[in-house]
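Listed below are the residues making up each chain.
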Amino acid sequence: MEKKRTTTTKQIVLVGLLAAMTCVGSGLRIKVPEAVGTSAFHLGNILCALSGVLLGPWLGGLAAGLGSAVYDMLDPLYISECWLTFLMKGAYGVLAGLVIRTGKGNWNYGKATIATVAGAVGYAALYLAKTFFYSGMLMHGLSVEGAWVSVVSKLPATTFNAVVAVLAAPLLAVTLRKALSKSRLSID
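A brief report on the enclosed structure follows.

About the cut-offs
- Along each chain, numbering runs from 1 in the same order as the chain's sequence is written.
- Restriction of local features to residues with pLDDT of at least 70 applies here, the model being predicted, together with a cutoff of 80 or more for giving and counting side-chain atom pairs; totals for whole chains, interfaces and linings are based on all residues.
- Side-chain descriptors were evaluated using all non-hydrogen atoms of the structure, hydrogens and water having been removed beforehand.
- The rule for a salt bridge is simple: a side-chain nitrogen of Lys or Arg has to be within 4 Å of a carboxyl oxygen of Asp or Glu.
- Secondary structure elements are defined from DSSP: runs of H or I of at least 4 residues count as helices, runs of E of at least 2 residues count as strands, and each element is numbered from the N terminus.
- Only protein chains enter the area calculation, which uses a 1.4 Å probe; residues under 20% of their type maximum are buried, those over 50% are exposed, and those in between are partly exposed.
- Among buried residues, those of type Ala, Val, Leu, Ile, Met, Phe, Trp, Tyr and Cys that are joined through side-chain atoms within 4.5 Å constitute a nonpolar core.
- We call two residues in contact whenever any of their non-hydrogen atoms come within 4.5 Å of each other.
- Helices are assigned an expected span. That span is 1.5 Å times one less than the residue count.

Turning next to the pattern of salt bridges. Within this structure, the stated rule accounts for one salt bridge. Between Glu-81 and Lys-130 there is a salt bridge, with the nearest N and O atoms lying 2.6 Å from each other. You can see Glu-81 sitting in the loop between helix H3 (57-73) and helix H4 (82-101) and its partner Lys-130 sitting in helix H5 (residues 109-139), a full 49 residues away along the chain. Neither Glu-81 nor Lys-130 differs from the other in exposure class; each is buried.

Next up, the structure:
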């Protein structure tokens, strides 16, 4: 007989906490004007990766997606795309969570780094595809060339956010797991 998995109160609280931290981290941003719209350097991606690495694919994806979508709902510039943000940032957490939970071996900094890279690359691909198709061609009616210009203008901020997440999220994850384990509040 299959064992039924239940979501614990601690897991629900952690999803809410990481979603709130993701929302706040997304708000800590520096906006950069571009040829088409704006781009931003922000801390939200660190927390999307951290959510996936700490909570696993489904709960981590939920925390990353909810926190990012709530941020978008609070900003009139982004509210119309909050549903896309939920899906794409949720995918960030899901990918990081899937990688951290795959294979044999202990959870460690190296595996957390690989998981964060997977989440960052997956999210960047989704975000740039959205920039090209949805934002560029559909919403702004740009030509293919114009949509490519929009994608290229987003590359610096997207790359910077990914690199910062890859550097910071595994360090935070290792530190938090050790602290939680010492206080007998392990996440697993």
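Within the largest apolar cluster, 17 residues are counted, with the highest numbers of intra-cluster contacts made by Tyr-92, Ala-120, Tyr-123 and Tyr-127. Listing elements by their share of this core, those giving two or more residues are helix H2 (44-55), H4, H5 and helix H6 (144-182). Tallying contributions element by element places H6 first for this core, with six residues. Those residues in contact with Tyr-127, other than ones at most four positions away along the chain, are Met-88, Lys-154 and Thr-158.

The end-to-end C-alpha distance of H3 is 24 Å, a good match for the 24 Å that 17 residues give at a rise of 1.5 Å each. When H3 is considered as a whole, its buried residues turn out to be Pro-57, Gly-60, Gly-61, Ala-63, Ala-64, Gly-65, Gly-67, Ser-68, Ala-69, Tyr-71 and Asp-72. Tucked into the core, H3 has its buried residues touching helix H1 (9-27), strand E1 (29-33), H2 and H4.

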